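What follows is each chain in one-letter form.
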Amino acid sequence: MLKNLFLAAACLLLAVQASAQKPINVDQELAFAAQQYQRLLASHPDTTKFPQSTNPDGSPRDMPSSWWCSGFFGGSLWYLYEHTKAPEWKTAAERWTQAVAKEQYNTRTHDLGFMLYCPFGNGYRLTKNSAYPAVLVQGAKSLSTRFDPKVGVIKSWDTFKAWGTGQTYNYPVIIDNMMNLELLFWASKITGDPSFRRLAITHADNTLKNHFRPDFSSFHVVCYNPDGSVAAKKTAQGAADASAWARGQAWGLYGYTVMYRETKDPKYLAQARHIADFYLNHPNLPADKIPYWDFNAPGIPKEERDASAAAVAASALLELSQYSKPDQKRYFQAAETMLVSLASPAYKAKLGENNNFLLKHSVGSKPAKSEVDVPLVYADYYFLEGLLRYQALAKK
Ligand code: GLY
């Protein structure tokens, strides 16, 4: 009798523990990530060749430091250091961070937030390395040179040739540019110079005005005239000018969440929530919450998914869930579903597979037939960021 009682109590305890268990074991995921990234590191001895993706012939695709993705590998190494506290990850992260340093003077790209803030910003946050702020501040200055006050936005590309018409525009701004503003806020805080912050706010306000449709989906490319009026609304990486390119929606969601974090202006919170709701309520979002590369891709359901968009959206939603009490649970659970899907064998590579990247099935640019259904270094970066955010929130 007593034995049966003990047995019943033990079963109950196990059941309670099981139901309290989170659907993602972050420690296990990050232990795997560390093993996989040890291999990625070992296969990349030369710090002028940054891991990016896989070529169509299956070989590793590497890119130079001037490519917009050069900061993600160092950034991911910092996330592994943050989790493991192991000195070998710090050494590797420092090496791959330093490898991007020269891009601080690059004024030909708007991507300096991605390129510099992911490695140097995370490195500074974790180590307070006194050499890093100067690089970030110079990067913010270089980025600021692309802002024309008469237009009121940071220029993304120097020119853009629209598909179809072939017309060339000289002041194109892409929704992705919202991701470069965090660097500017950081630069204002460290220098005490409010001009970087003001510039970020002006860019975000004009993007809010011109990039979004009434349903809160966004255009990819808005082309401006010299007086700040809009010349055209186009796409470069989406299925059509009027479509909702999945990663673009995720960049906007992440960007306006950061805008709210940095300013506490409720209009940015409202915008982030609207974007989240467009994304999560979209009839073409599959049950596993990994979007097709474009919400309006013409061949759905026979279209590629984009794990990178899901990783960005998951990380953004975890932060947004902290700012929006009414939606806290809904956003957290949606992000959790995304991370569970990404961590499943459908999207996550096995050890030594996938050219040693973590995630499979991302899309760089389908219209350009470039990086379609491949690993992408930034999918891994935002997946790792999302896992760390998830773990921090699960502890609360
Ligand atoms: N331009 C960045 C991206 O492909 O999302």
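Quick note: structure is the one above.
About the cut-offs
- Residues numbered from 1 in each chain as written.
- Predicted model: local features only at pLDDT ≥ 70, side-chain atom pairs only at ≥ 80, totals over all residues.
- Heavy atoms only, no water.
- Near = heavy atom within 4 Å.
- Polar contact = N/O pair within 3.5 Å; in protein donor to acceptor, adjacent residues only side chain to side chain.
- Areas by Shrake-Rupley, 256 points an atom, 1.4 Å probe, with all protein chains shown as cover.
- Nonpolar A, V, L, I, M, F, W, Y, C, P; charged D, E, K, R; others polar.
- Pairing = 2+ DSSP bridges.
- Helix = DSSP H or I, 4+ residues; strand = E, 2+ residues; numbered from the N terminus.
- Axes fitted to C-alpha atoms, helices over the stretch in contact; angles between N-to-C directions.
- Parallel < 35°, antiparallel > 145°, perpendicular 65-115°, else oblique.
- Left-handed = near helix turned anticlockwise from the far one by under 90°.
- Contact = heavy atoms within 4.5 Å.

Okay, the site of the ligand next. Surveying the vicinity of the ligand reveals the residues Trp68, Asp176, Gln237, Trp245, Arg247 and Trp251. The side chain of Asp176 places a nitrogen or oxygen atom 2.8 Å from a nitrogen atom of the ligand. At 2.8 Å from an oxygen atom of the ligand is found a side-chain nitrogen or oxygen belonging to Trp251. Relative to its unbound accessible surface of 200 Å², the ligand loses 93% to contact with the protein. When the residues that make up the shell around the ligand are grouped by side-chain class, the tally is three nonpolar, one polar and two charged.

Where strand 8 (residues 221–224) and strand 9 (residues 230–234) come together, four bridges link them in antiparallel fashion. Bridged to Val221 within strand 9 is Lys234. Two successive antiparallel strands, strand 8 and strand 9, enclose a turn made up of five residues, where Gly228 displays a positive phi of approximately 95°.

Here we come to the packing of helix 10 (residues 266–280) against helix 12 (residues 328–342). Between helix 10 and helix 12, the least distance of the axes is 12 Å, while the angle of their chain directions is 50°. Taken together, the axes of helix 10 and helix 12 are oblique relative to one another. Classified by chirality, the crossing of helix 12 by helix 10 is left-handed. Counting all contacts with helix 10, which are made through Arg273, Ala276, Asp277, Tyr279 and Leu280, the residues of helix 12 involved are Arg330, Tyr331, Ala334 and Met338. For the contact of helix 10 with helix 12, the class distribution of residues is six nonpolar, no polar and three charged.

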